[in-house]
Amino acid sequence: MAPDTVSLRYFLVLAQELNFTRAAARIGIAQPALSARMRRLEAELGTALLVRNTRSVELTTAGAALAESAPPALAALDRAWGTARSAAAGELGTLRIGYSLSTGAETAPALVDRLIRSSQGLEVGAVPMATPEISPAVADGRIDAGITRGEQPGRGVRRYLLRRQRVGVQLAQHHPLAEHQEIEIADAAAYPLRLPGRAANPVIHDQLSALFRGIRPPPRFHTPAVSFDMSQRDLRDGVTLAPAGEAAVTAQPAGLTWRPLRGAPSLTLHLVLPREQSPLHRRIRAVAKTLAHELHWLRD
C-alpha cells in the first residue's frame, strides 16, 4: 500500500531540515506527532528512512532515494488532482457551440472569447447553424450549447435568457426616416418591409410581423431571395426597411444605419443547454451569466 501523501510531504520537510524540532515548527504540528508520522511511514514502507540521534537526523540510503524521487511524483499527483478539479468545474474538455447567423456578429463571439480566456483547458469550437436546428442538436448531444434569437421550441433542453435587444429598422442613410432618432411603427409600415423567411426562424419572423398587426393599410412585406446578404443590397433603394434588433449596428455595411422603433418589444437571445447538465454545461451557464451582467445585455 502506498503511504499517505501528508506523511510523505512531512518527510520531505524533515529531509530538508534534518531536525525534528525545526521541521515540526515549519509544518505547524507538535514534534511527537511528527515523530509518530515518520514511524508509521517507515512501517508502511518496510524500511528505515532516518537515522536518529539526540542532536540531528540523517537519511538512510532508502531515505535519500525517497527524498529525491518523491517531489516529482507529488508534483505529478498535484497536477492530476488539479486536472480532476478542473474537469469537475467544467474548465476542461471540448465544447461545441452552435449559433444562429443573427447572433454571429457580436453575441456568439463574445461568449466564445470569454470561455476560452476563462478556462485554459477548454477547447471551444463554434459553428453557424440554421436556427430551428439548434435546440434539437443540443438535445441529442451533437452540440453542447446553442445561442438563438427568440425562445425557440424544442424538447430536452433548457433555455436561459442571455440578452435583450431593442427592435428597430435598418435603412439607407438617405432614407426619409433616417433623420429621426426614433421611428413610429406606423410610419415604418408605410414603406416596404423586408422580413427574414419564416422557415429560417419562425419565432422571430412572427414577432417582427406582429409589430405591424392592425395597421391600415396593411404594410407590404417581402422576403429576400438571399436569406443572409451581408451587403444588404435591397435596402439601398432608399425605400425598403428591414426590422432588426440593435445588434445590426455592429455589422452595419457602409451606407446603412439603424433606428429604434418607438414602443416595440425587445427581441431576446437565449443560451440553450441540455436538460441534464454536466459540470461543463454549468460552466458555460456561469460564464454566460457573468458576461451578460458585465456587458449589460439584460438591461430593461
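Everything in this summary refers to the structure shown in the same document. (Residues numbered from 1 in each chain as written. Predicted model: local features only at pLDDT ≥ 70, side-chain atom pairs only at ≥ 80, totals over all residues. Heavy atoms only, no water.)

Overview of helix H1 (residues 5–17)
Over its 13 residues, H1 runs 19 Å from end to end, which matches the ideal 18 Å to within 8%, given 1.5 Å per residue. By the burial criterion, the buried members of H1 are Ser 7, Leu 8, Tyr 10, Phe 11, Leu 12, Val 13, Leu 14 and Ala 15. Once H1 finishes, Leu 18 follows within two positions and takes phi at roughly 50°, a positive value. (Helix = DSSP H or I, 4+ residues; strand = E, 2+ residues; numbered from the N terminus. Expected span 1.5 Å × (residues − 1). Buried < 20%, exposed > 50% of the residue type's maximum accessible area, 1.4 Å probe, protein only.)

Details of the pattern of salt bridges
This structure, assessed with the given rule, holds 12 salt bridges. The partner of Arg 163 in a salt bridge is Glu 106, with the nearest N and O atoms 3.2 Å apart. Of this pair, Arg 163 sits in strand S6 (residues 157–165) while Glu 106 is found in the loop between strand S3 (92–99) and helix H5 (107–118), placing the two residues 57 residues apart along the sequence. Residue Arg 163 is classed as buried on the basis of its relative accessible area of 8%. Here Asp 206 and Arg 198 are joined by a salt bridge, their closest N and O atoms 2.7 Å apart. Accessibility expressed as a relative area gives 30% for Asp 206, which makes it partly exposed. Residue Arg 198 is classed as partly exposed on the basis of its relative accessible area, which comes to 44%. One salt-bridge network, held together by shared partners, links Glu 17, Arg 22 and Arg 26. (Salt bridge = Lys/Arg side-chain N within 4 Å of Asp/Glu carboxyl O.)

Overview of the packing of aromatic side chains
Within the structure shown, the criterion is met by one aromatic pair. Between Phe 212 and Phe 221 the ring centres are 6.0 Å apart and the planes differ by 65°, which places this aromatic pair in the edge-to-face class. Residue classification places Phe 212 among the buried residues on the basis of a relative accessible area of 3%. (Phe/Tyr/Trp six-rings, centres within 6.5 Å; stacked < 30°, edge-to-face > 60°.)

Examining the sheet that holds strand S7 (residues 167–172)
Two modes of strand pairing occur in sheets, parallel and antiparallel, and in both the strands are linked by backbone hydrogen bonds. The three strands lie next to each other as S10-S7-S11, forming an open sheet whose pairing is antiparallel. Since the sheet does not close on itself, it has two edges, and those belong to strand S10 (242–245) and strand S11 (256–260), each with one partner. Taken over all neighbouring pairs, the strand axes of this sheet differ in orientation by 40° on average, direction set aside. Of the pairings in the sheet, the one linking S7 to S10 comprises four bridges and is antiparallel in character. From the neighbouring strand, Gln 170 faces S10, where its bridge partner is Ala 242. (Pairing = 2+ DSSP bridges. Axes fitted to C-alpha atoms, helices over the stretch in contact; angles between N-to-C directions.)

Looking at the nonpolar core
Buried together is how nonpolar side chains tend to be arranged in soluble globular proteins. Counting 22 residues, the largest nonpolar core has Leu 95, Ile 97, Leu 111, Leu 115, Val 124, Ile 147 and Leu 271 as the members making the most contacts within it. Per element, the largest residue contribution to this core is six residues, and it comes from helix H9 (residues 279–294). When residues no more than four places from it in sequence are discounted, the contact partners of Leu 95 are Leu 115, Leu 122, Glu 123, Val 124, Gly 125, Asp 144, Leu 280 and Ile 284. (Core = buried A, V, L, I, M, F, W, Y, C linked by side-chain atoms within 4.5 Å. Contact = heavy atoms within 4.5 Å.)

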